[in-house]
Amino acid sequence: MKILHTSDWHLGHQLHGYNRDYEHQAFLDWLAETLEKQQVDALLVSGDIFDTANPPASAWRMLYRFMARLAQTMPKLDVVMIGGNHDSPSKLDAPHELLKAFDLHMVGGIHRDENGELDHQRMLVPLTDKSGEQAAWVLAVPFLRSADLRTEDLQEDDDRLIKGVETLYAEMTEVARNQKTPEQALIGMGHAYMASGKLSEMSERRVLGGNQHALPASIFADDISYVALGHLHLAQRVAKQEHIRYSGSPLPLSMSERGYNHQVILVDLDGDKVTEIESLLIPRAVDMLKVPGSPAPLEQVLEELEALEVEECPREQQPFLEVHILLDKPQALLREKVLGALEGKAVRLAKITPHYRQQEQQDSLNYRRLSEVSPQQVFSLSWSKKYDGEPDEAMAAAFETLLTQLEESEA
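Just so it is clear, the model here is predicted, and its values are computed rather than measured.

Draft legend 1. The arrangement of the overall build of the protein in detail. Along the backbone of the protein there are 10 helices and 17 strands. Counting across all 411 residues of the protein, residues that qualify as buried make up 52%. Taking as baseline every contact in the protein between residues at least 6 positions apart, the subset at least 24 positions apart corresponds to 72%. Accessible area for the protein stands at about 19200 Å²; split by element, carbon and sulfur atoms hold 48% of it.

Now the structure itself:
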């Protein structure tokens with residue numbers, strides 16, 4: 001059977017205030033055509049379907065239109081979607097029973113009964129091959145928040161969060177083993193930050209309290225044939241293991257991701273054995289430009305912008321532009337000058353990044369927009385100004401925990 005793995009769609013995302021519906025629709029159209037062309041048996045979407053816990057109605061319409069198309073053109077296709085840290089578990093779970101009737105399985109969050117026992121069957125999804133025979137079981141485990149975990153049997157040296165995630169996956173795997181036949185494959189899913197994973201600079205939130213809780217690849221049992229992960233936007237293997245992968249996001253979600261090879265992963269299985277793993281590159285519907293190639297004085301930058309040649313196209317298809325300027329000190333009317341040089345050109349100014357010759361990198365944060373600075377950078381700068389030095393490891397960990405709690409409350 002064939003499985004296509006994708007994640008981190010972030011429907012409803014805006015880049016520096018610009019709507020991205022055109023790009024997302026172009027991706028979903030390409031994805032639907034690819035599923036048909038490749039005769040895929042199952043589509044796995046590993047979290048962060050939406051960009052926020054309360055996505056706009058247009059994002060929901062886009063998702064349901066895509067699902068309706070698949071139900072019509074590929075009625076035998078199994079679809080499994082899990083919630084990510086950006087998604088609302090309750091909102092994703094609301095249409096669960098309706099979608100399940102069309103072999104569209106959406107698992108927003110985990111469920112426990114009144115005794116605290118895990119509802120395994122809700123997260124255990126059967127996959128069928130082209131002949132209609134069941135060929136695999138999917139462990140559709142969504143993003144795990146600290147309240148989802150049970151850690152009563154911890155040893156003194158155990159990390160509570162890591163051990164809780166490990167225990168949950170072990171429980172799900174054991175239940176799946178008891179239901180599978182020898183020739184059926186086990187497929188893992190998750191939305192988490194794995195140890196050694198490469199983070200995007202500005203567009204990813206840390207998981208489970210930050211890097212100190214990066215999950216080891218050992219949480220996935222050896223008899224799991226493939227693990228489809230989401231959360232990190234750069235496609236990558238985990239712990240150098242071919243069968244444990246992030247597919248990455250289909251669109252660049254910050255200007256720092258312009259150089260990523262955005263892709264989906266096509267997995268071929270023969271029984272419980274993976275026979276081939278192939279990356280399919282996603283066409284980029286809207287380009288991203290950086291002018292100049294490296295920071296330059298304002299006069300030079302304005303000259304390059306005035307000489308910039310771009311083809312005329314509708315507003316939603318115009319390239320995003322990031323401008324890097326080398327300055328001695330903050331410049332009045334900087335944005336107005338840049339916009340003046342771009343007048344009449346079919347580009348969208350997304351970001352102006354100033355670089356200061358005489359400023360230390362930490363002090364230069366004072367001259368950057370808040371949207372361009374991570375919460376960790378703001379905390380570190382505030383701490384150094386008040387207490388003279390970097391926050392120690394315990395204080396940084398405490399801040400990460402508070403940040404995670406805030407993100408979970410918003411979801």
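Next, the rest of the story.
Draft legend 2. Inspection of the sheet that holds strand β11 (residues 236-238) at higher detail. If you trace the 6 strands from one edge of the open sheet to the other, you get β7-β8-β9-β10-β12-β11, paired in mixed fashion. The open sheet terminates on both sides in strands that have one partner only, identified here as β7 (124-128) and β11. Averaged over all pairs of adjacent strands, the angle between their axes in this sheet comes to 30°, without regard to strand direction. Bridge count between β11 and strand β12 (residues 241-246): 3 bridges; the pairing is antiparallel. By the bridge assignment, glutamine 236 is partnered in β12 with tyrosine 246.

Draft legend 3. Inspection of the nonpolar core at higher detail. With 55 residues, the main nonpolar core has Ile3, Val138, Ile187 and Phe220 as its most contacted residues. Sort the elements by how many residues they give to this core and helix α6 (residues 160-179) lands first, with 8 residues. In contact with isoleucine 3, not counting residues within four places along its chain, are Val40, Ala42, Leu44, Leu127, Ile187, Ile265, Leu266, Val267 and Leu269.

Draft legend 4. Spotlight on the environment of aspartate 48. Mapped onto the elements of the fold, aspartate 48 is located in the loop between β4 (42-46) and α2 (57-73). Given the relative accessible area of 1%, aspartate 48 is considered buried. When the C-alpha atoms of aspartate 48 and methionine 81 are compared, they prove to be 9.4 Å apart, with 33 residues separating the residues in sequence.

Draft legend 5. Just the pattern of salt bridges, in detail. Counted according to the given criterion, the structure contains 12 salt bridges. Across the salt bridge formed by arginine 20 and glutamate 23, the nearest N and O atoms sit 2.8 Å from each other. Since its relative accessible area comes to 4%, glutamate 23 is described here as buried. Across the pair arginine 237 and glutamate 242 runs a salt bridge whose closest N-O atoms are separated by 2.9 Å.

Draft legend 6. Just α2, in detail. Given a rise of 1.5 Å per residue, 17 residues ought to cover 24 Å, and the 24 Å separating the end C-alpha atoms of α2 matches this to within 8%. For α2, the complete set of buried residues consists of Ala59, Trp60, Met62, Leu63, Phe66, Met67 and Leu70. For α2, the angular spread of buried residues about the axis comes to 160°, placing them on one side. Elements that come into contact with the buried residues of α2 comprise α1 (21-38), β4, β5 (78-82), α3 (89-93), α4 (96-100) and β6 (104-107).

Each value, and the rule that gives it
- Residues numbered from 1 in each chain as written.
- Predicted model: local features only at pLDDT ≥ 70, side-chain atom pairs only at ≥ 80, totals over all residues.
- Heavy atoms only, no water.
- Helix = DSSP H or I, 4+ residues; strand = E, 2+ residues; numbered from the N terminus.
- Buried < 20%, exposed > 50% of the residue type's maximum accessible area, 1.4 Å probe, protein only.
- Contact = heavy atoms within 4.5 Å.
- Areas by Shrake-Rupley, 256 points an atom, 1.4 Å probe, with all protein chains shown as cover.
- Pairing = 2+ DSSP bridges.
- Axes fitted to C-alpha atoms, helices over the stretch in contact; angles between N-to-C directions.
- Core = buried A, V, L, I, M, F, W, Y, C linked by side-chain atoms within 4.5 Å.
- Salt bridge = Lys/Arg side-chain N within 4 Å of Asp/Glu carboxyl O.
- Expected span 1.5 Å × (residues − 1).
- Arc of directions from axis to C-beta.

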